[in-house]
Every structure is written in structure tokens, then in C-alpha cells.
Amino acid sequence: MRKLTYFIATSVDGFIGAPDGDADFIYSHLDGEFIDFLKAEYPETISTPGRVRLGIEDAGPKHFDTVLMGRGTYGPGLELGLTSPYGHMREQYVVSRSLTTSPDPAVRLIGGDLVAEVRELKAGDGLGIWLCGGADLAGQLIDEIDEFVVKTYPVLVGTGMPMSRAGFGARPLELTGVETFGGGQVVTSYAVKR
């Protein structure tokens, strides 16, 4: 059984984007040490163009071979002409009710029963499935998420897009790892207690 992992960047106060969803404030908190960590431990989570710029275009996946993202997460790259942001992945899925045809043959759309589709993906073979974002998608899939890997950046934003729109509910987690970096970033991993 494959795991669905919500691997997400957040501010200290738990926001993954500005109120309009823009997450550019995160990029100013990337430094050499943290980028080296991502290159070594999570190279598959770096976009295909980013991998080329960083010289890791041939790096194999360590955790995930499938990416699942919402239309809002996919949109900014699409507006720039990036139709296949993770072309190095085995599978790319975009959950959307507004897109009826995929802008790229490498990107598959999910517009129907999301939970059923994710359960089918989890039952398949391969590495894990990366839930890339966003808040609405995480809310819809909260009961399917097996693991959280939260990259917390040293910034407080006050308001914005939360990590999830799942609604209130105490969901027990087990801490499985903590890594800290000189630039103030912290990566915390949790397994969902079932």
C-alpha cells in the first residue's frame, strides 16, 4: 500500500499562502543549506525546471513517484506555460472541476470521485504519493493522508491560506522526525495514528 504524504511549506503560524493563495513569501526563506537538503532528500519535489537550474535533473526519486495537486497549485505554473511542472515524476495528477482537458499529455485530471481515485492510487505499486497542495484538497483528503512532512519557514504572516480546510477535528499524529537548519527552517514529520 502506497502512502499519501502531505509534504508542504508553511509559515510558523501555519499558513501555506497569502489570503489569495500566493506563496512567494516562502522563497525568501530558502538558503543554500536548506536547498542542499531538498536536493539530497526530496529531489523529486523540486520542479523540473528547478532541477535543471540546480543541476539535479537526473536525480532519482527518494520518496515519491506520483504528485497530486489542486488546480490552484497547478495554476501559477500553467499561466507561465509550464504544463508539466513535475515531468520527471512517473505520474502527475491535477484535481480540477474547471479543466476538462489536460493541457499536457503527462498530466492527468481528476474531476470525479477524488477519494476513490486516491484510494486506487494508494493500492497501486510504486513509491509514495505526494500531496502537493492546497488547503481545499488537503481538507477533502484529510482521512486519506498517511503522513505529514511540514517544512516550517521562519516567518509569521498573520493570516492567509491554512494548511487544510478540513474543519475542526482532533486527529492524533505521531512525531517521526525533526530536522532543523541554520536559516531557521524546521522540517517536522508525523505519521497519522489510525
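Whatever comes next refers back to the structure up there.
Small disclaimer: the values here were computed from a predicted structure and weren't measured.

## Section: the pattern of salt bridges
Applying the stated criterion to the full structure yields 12 salt bridges. For Glu91, the salt bridge identified is with Arg108, shortest N-O distance 3.2 Å. Of this pair, Glu91 sits in strand β4 (residues 91-95) while Arg108 sits in strand β5 (residues 107-110); the two residues are 17 residues apart in sequence, bridging distant segments of the chain. Judged by its relative accessible area of 11%, Glu91 is buried. The exposure class assigned to Arg108 is partly exposed, which follows from its relative accessible area of 43%. Asp146 serves as the salt-bridge partner of Arg194, at 2.9 Å between the closest nitrogen and oxygen. Remark: Asp146 occurs in the loop between α5 (135-140) and β7 (147-152) and Arg194 occurs in the segment after β10 (186-192); sequence separation between them is 48 residues. Classification of Arg194 by relative accessible area gives exposed; the value is 64%. Here the residues in one salt-bridge network are Arg2, Asp65, Arg90, Glu91 and Arg108, joined through shared partners.

## Some details on the pairing of strand β9 (residues 173-180)
Pairing of β9 with β10, which is carried by seven bridges, proceeds in the antiparallel orientation. Looking at β10, one finds that Thr180 is bridged to Val186. Once β9 ends, the chain turns through five residues before running back antiparallel as β10, passing Gly184 with a positive phi of about 95°.

## Focus: the environment of Val157
Along the chain, Val157 turns up in the loop between β7 and β8 (161-162). Taking C-alpha positions, Val157 is 8.9 Å from Gly14, a pair spaced 143 residues apart along the chain.

## Describing helix α3 (residues 71-79)
Among the residues of α3, those classed as buried are Tyr74, Gly75, Gly77 and Leu78. Summarising the contacts, the buried residues of α3 are in contact with β3 (64-70), β4 and β5. Directly beyond the C-terminal end of α3, a positive phi value near 90° is found at Gly81.

## Focus: the packing of aromatic side chains
Taken as a whole and assessed by the stated rule, the structure comprises 12 aromatic pairs. The interplanar angle of 65° and the centroid separation of 6.2 Å between the aromatic rings of Tyr6 and Phe148 together place this pair among those described as edge-to-face. On the criterion of sequence distance, the pair formed by Tyr6 in strand β1 (residues 4-10) and Phe148 in strand β7 is long-range, its members being 142 residues apart. When its relative accessible area of 1% is taken as the criterion, Tyr6 is described as buried. Residue Phe148 is classed as buried on the basis of its relative accessible area, which comes to 11%. On the basis of an interplanar angle of 25° and a centroid distance of 6.3 Å, the ring pair of Tyr42 and Phe64 is categorised as stacked. With Tyr42 in the loop between α1 (32-41) and α2 (48-54) and Phe64 in strand β3, the pair connects residues that are 22 residues apart, well separated along the chain. The pair formed by Tyr42 and Phe64 is uniform in burial state, with each residue classed as buried.

## Regarding the sheet that holds strand β6 (residues 128-133)
As summarised here, the arrangement of the eight strands in space is β5-β4-β3-β6-β1-β7-β10-β9, forming an open sheet in which the pairing is mixed. Of all the strands in the sheet, the pair left with one neighbour each is β5 and β9. On average, adjacent strands in this sheet sit at an angle of 25° to one another, irrespective of strand direction. By the bridge criterion, six bridges tie β1 to β7 in an arrangement that is parallel. The partner of Tyr6 across the bridge, within β7, is Phe148.

Here is what the cut-offs are and how they apply
- Residues numbered from 1 in each chain as written.
- Predicted model: local features only at pLDDT ≥ 70, side-chain atom pairs only at ≥ 80, totals over all residues.
- Heavy atoms only, no water.
- Salt bridge = Lys/Arg side-chain N within 4 Å of Asp/Glu carboxyl O.
- Helix = DSSP H or I, 4+ residues; strand = E, 2+ residues; numbered from the N terminus.
- Buried < 20%, exposed > 50% of the residue type's maximum accessible area, 1.4 Å probe, protein only.
- Pairing = 2+ DSSP bridges.
- Contact = heavy atoms within 4.5 Å.
- Phe/Tyr/Trp six-rings, centres within 6.5 Å; stacked < 30°, edge-to-face > 60°.
- Axes fitted to C-alpha atoms, helices over the stretch in contact; angles between N-to-C directions.

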